[in-house]
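Observations on the model geometry
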Amino acid sequence: DAAQIESLNESHKVGMAAVQNGQVAALLLAGGQGTRLGFDGPKGMYDIGLPSGKTLFEFMAERIKKLGQLSGKGDKAIPFYIMTSPLNHKVTTEYFAKHDNFGIDVIFFPQGTLPALTPEGKMILETPTSVAVAPDGNGGIYPAMVKHGIISDMKSKGIKYIHAFGVDNALVKPADPTFVGYCIHSNADCGNKVLWKTSPGEKVGVVASKGGKPCIVEYSDISKEMSERRGEDGRLVFGAGNICNHFYTIDFLENVVVPNLGNMYHVARKKIPHYDAEKKETVKPTANNGIKLESFIFDVFPLSVKMAVLDVERKDEFAPVKNPPGTDSDSPDTARMLFSNVAKDWLTKAGATLVGDTKSDLCEVHPLTSYNGEGLEQWKGKTVNCPFTI
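Our subject in this report is the structure included herewith. (Residues numbered from 1 in each chain as written. Predicted model: local features only at pLDDT ≥ 70, side-chain atom pairs only at ≥ 80, totals over all residues. Heavy atoms only, no water.)

All right, on to the packing of aromatic side chains then. Applying the stated criterion to the full structure yields 14 aromatic pairs. A centroid spacing of 6.0 Å and a plane angle of 35° characterise the contact between Phe57 and Tyr95, whose relative ring orientation is tilted. Of this pair, Phe57 sits in helix α2 (residues 56-71) while Tyr95 sits in helix α3 (residues 89-98), placing them 38 residues apart in sequence. Of the two residues examined, Phe57 and Tyr95, each falls in the buried class. (Phe/Tyr/Trp six-rings, centres within 6.5 Å; stacked < 30°, edge-to-face > 60°. Helix = DSSP H or I, 4+ residues; strand = E, 2+ residues; numbered from the N terminus. Buried < 20%, exposed > 50% of the residue type's maximum accessible area, 1.4 Å probe, protein only.)

Encoded structure:
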């Protein structure tokens, strides 16, 4: 409705002002590998098959560059912090160096690992001379930021607001001024951008309140009745789907999250390769034999005093890349179609008439042409043949 549009326009202005004042940073969780996609390398280096051949990393970096340009403060207005994993740190940093960091300010730091334990709490040997370790979950972003001096680095640059997101969304809007501005406007210490669930069965965690504190309830922990409950407006009550898209103030990270880091670990039972002294080799167990400690990025939500939740349009903001090509959901193919649909939508809204193969999944508006559909006025009244690249 009109009031909502006006309020989002207002949020956008507040967010753009923060970008212009050099107060906004983008923070990417890029520890994941492309294994499930059948790709040997960091997931961010995956190309979803658009005509430009751009990777997920490239789309994000160019959007950040474009937003800097739109703010009038230049290509490097928004620093881009990237959390890698020990497994892909070298490959990721080399990839960015090869592309001259895509012309923006990029800072890398690796996620930590924690030793794997036996159910009795003893460490597990993976070889005669090394302990079995595992990444500490995406919540490891907080201790890693402390260990590598990221919070101090942000403060030295005058950063006040951080937009954090995962690597596997081809439509993510890094440092999104509307979301950042909405959180600032709401006076929030922490924020979550969500998609309302379309059906009760959709397997995503949702934002809820537990004991008066905000939290994410995992899909598996919600009863059937709760998942199906609808409000007077017909929308699912527990419908605010979490997509790993978060906002923090630097004060919240430094003064609230960091002092509470020790309380955030969960136990996950896993199959952990271990050294068998009799066989003199490392064996892979067939059943769970140990525990890994992990934490989630959203484990800090209950510490928030004022959390903002912004519900956005799925088709504009979410193209997950998780499953291998050929899969009918969350695959490079579905992401490419969603990306292409956004490009068509932008041109139509700009006043262009689309002809040709209008169902094509190869339509592309480059991030350096437009961050979010702006700046396409020259296409008004023109006929554009699909597929197109602009």
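Following the structure, the description resumes.
Okay, the packing of helix α1 (residues 2-20) against α2 next. The geometry of α1 relative to α2 is characterised by a closest axis approach of 9 Å and an angle of 95° between their N-to-C directions. Between α1 and α2, the crossing angle belongs to the class labelled roughly perpendicular. For the pair formed by α1 and α2, the contact residues are Met16, Val19 and Gln20 on the first element and Leu67, Leu70 and Ser71 on the second. Residue composition of the contact of α1 with α2, grouped by class: four nonpolar, two polar and no charged. (Axes fitted to C-alpha atoms, helices over the stretch in contact; angles between N-to-C directions. Parallel < 35°, antiparallel > 145°, perpendicular 65-115°, else oblique. Contact = heavy atoms within 4.5 Å. Nonpolar A, V, L, I, M, F, W, Y, C, P; charged D, E, K, R; others polar.)

Counted by the stated rule, this structure contains zero disulfides. With no disulfide of its own, Cys363 lies 4.2 Å from the sulfur of Cys386, the closest cysteine sulfur. (Disulfide = S-S within 2.5 Å.)

Turning to the packing of α1 against helix α6 (residues 177-185), a few remarks are in order. Interaxial distance between α1 and α6 falls to 6 Å at its minimum, and their mutual angle equals 95°. When the axes of α1 and α6 are compared, the pair comes out roughly perpendicular. Each of Leu8, Glu10, Ser11, His12, Val14, Gly15, Met16 and Ala18 in α1 lies in contact with α6, whose residues at this interface are Pro177, Thr178, Gly181, Tyr182, Ile184 and His185. Of the residues assigned to the contact of α1 with α6, the class counts are seven nonpolar, six polar and one charged.

Attention shifts here to the pattern of salt bridges. Taken as a whole and assessed by the stated rule, the structure comprises 21 salt bridges. The residue Asp105 makes a salt bridge to Lys157 at a minimum N-O spacing of 3.7 Å. Placement of the pair is Asp105 in the loop between α3 and β3 (106-110) and Lys157 in the loop between α5 (150-156) and β8 (161-166), with a sequence separation of 52 residues. Note that Glu317 is salt-bridged to Lys173, the shortest N-O span being 3.3 Å. Taken together, the residues span a long stretch of sequence, with Glu317 in helix α9 (residues 314-317) and Lys173 in the loop between β8 and α6 at a distance of 144 residues. Take Glu317: its relative accessible area is 7%, and that puts it in the buried class. Here the salt bridges share partners, and the residues they tie into one network are Lys173, Asp176, Lys193 and Glu317. (Salt bridge = Lys/Arg side-chain N within 4 Å of Asp/Glu carboxyl O.)

What follows covers helix α10 (residues 332-349). Along its 18 residues, α10 runs 26 Å from first to last C-alpha, staying within 8% of the 26 Å computed at 1.5 Å per residue. Here α10 has its buried residues at Pro332, Ala335, Arg336, Phe339, Ser340, Val342, Ala343, Lys344, Trp346 and Leu347. Buried residues along α10 sit in contact with α2, α9, β18 (353-356) and β19 (383-386). Just downstream of α10 lies Gly351, where phi reads positive at about 100°. (Expected span 1.5 Å × (residues − 1).)

Taken together, the side chains of Met123, Leu125, Val131 and Val133 make up a nonpolar region of the molecular surface, amounting to roughly 350 Å² of accessible area. Position of Leu125 among the secondary structure elements: in strand β5 (residues 125-127). According to the relative accessible area criterion, Leu125 is partly exposed, its value standing at 42%. (Patch = residues over 30% accessible without salt bridge, like charges linked within 9 Å, V, L, I, M, F, W, Y side chains within 5 Å. Areas by Shrake-Rupley, 256 points an atom, 1.4 Å probe, with all protein chains shown as cover.)

Counting buried positions over the six residues of strand β1 (residues 24-29) gives six, a clear majority of the element. Across the two faces of β1 the burial is the same, with Val24, Ala26 and Leu28 and Ala25, Leu27 and Leu29 all buried. Taken together, the six bridges between β1 and β8 define a ladder with parallel strand orientation. Within β8, the residue paired with Val24 across the bridge is Tyr161. (Pairing = 2+ DSSP bridges.)

This next bit is on the side chain of Asp168. Of note, Asp168 is situated in the loop between β8 and α6. In terms of polar contacts, Asp168 uses its side chain to reach the side chain of Lys322, at 3.1 Å. Residues within four places of Asp168 in sequence aside, it is in contact with Lys43, Ala319, Pro320, Val321 and Lys322. (Polar contact = N/O pair within 3.5 Å; in protein donor to acceptor, adjacent residues only side chain to side chain.)

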